[in-house]
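Remarks on the overall topology
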Amino acid sequence: GTAVAWSADGARIATADAFGLVRVWNATTLRPLEEAKGHRAPVRHAELSPNGKLLLTWAEDGAAVVWDFASAGGRELHAFGDARGSAPPVFSPDGTALVYRTARGRVVRDIQTGLELASAIEAPASRTG
């Protein structure tokens with residue numbers, strides 16, 4: 001099985017396969033632009049961020065990897081090993097965090113640092129004064 005994601009402008013296609021290989025293609029010429037090996041298990045989901053610069057891939061072993069496909073070579077930004085829920089992780093609406101479920105509930109992690117964020121998306125901040 002192959003996971004596929006289209007960029008918002010339709011110019012690029014991302015694919016990920018059962019061998020863990022992730023590729024980004026030019027949608028017009030169908031030639032590969034980038035390729036990276038980052039998974040040790042079959043990839044089940046691929047999704048591009050709202051701005052189209054990041055690619056999220058999710059494998060059946062619970063590994064979620066965020067790739068920087070705006071840079072040459074498709075650099076791995078961050079890997080998260082605990083995304084073992086039944087549904088794939090998703091980008092936050094602003095594209096700066098990853099949201100997914102684990103055994104202990106919903107997790108929101110900053111893509112750049114990998115740190116878990118206090119449920120910023122679920123609970124609005126209650127500020128007084």
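Residues numbered from 1 in each chain as written. Predicted model: local features only at pLDDT ≥ 70, side-chain atom pairs only at ≥ 80, totals over all residues. Heavy atoms only, no water.

Turning our eyes to something else, we now look at unusual backbone geometry. At Leu30, a residue that is not glycine, the phi angle is positive and equals roughly 60°. Structurally, the position occupied by Leu30 is in the loop between β3 (21–26) and β4 (32–37). The class for Leu30 is exposed, based on a relative accessible area of 55%. (Helix = DSSP H or I, 4+ residues; strand = E, 2+ residues; numbered from the N terminus. Buried < 20%, exposed > 50% of the residue type's maximum accessible area, 1.4 Å probe, protein only.)

Chain-level statistics for the protein give a pLDDT mean of 84 and a share of 88% at 70 or above. Predicted confidence in the protein is weakest over β4, with a mean pLDDT of 80, and strongest over strand β9 (residues 90–91), with 94. (pLDDT = per-residue confidence, 0-100.)

This part covers the sheet that holds strand β6 (residues 54–59). The strand order across the open sheet built from four strands is β5-β6-β7-β8, with neighbouring strands paired in antiparallel fashion. Each edge of the open sheet carries a strand with a single partner, namely β5 (43–48) and β8 (75–80). Across the sheet, the mean angle from the axis of one strand to that of its neighbour is 20°, orientation sign disregarded. Of the strand pairs in this sheet, strand β7 (residues 64–68) and β8 are connected by five bridges, and their pairing is antiparallel. Each bridged residue has a counterpart across the sheet, and for Val65 the counterpart in β8 is Ala79. (Pairing = 2+ DSSP bridges. Axes fitted to C-alpha atoms, helices over the stretch in contact; angles between N-to-C directions.)

Per the stated rule, a full pass over the model turns up five salt bridges. Connected via shared salt-bridge partners are Asp82, Arg104, Arg109 and Glu116. (Salt bridge = Lys/Arg side-chain N within 4 Å of Asp/Glu carboxyl O.)

Further remarks concern the nonpolar core. In terms of nonpolar packing, the biggest core is built from 14 residues, with Val22, Leu55, Trp67 and Phe69 touching the most fellow members. Considering every element that reaches this core, the biggest residue donor is β5, with three residues. Ranked by size, the runner-up nonpolar core spans 13 residues in total, among them Trp58, Ala64, Val66 and Phe91. (Core = buried A, V, L, I, M, F, W, Y, C linked by side-chain atoms within 4.5 Å.)

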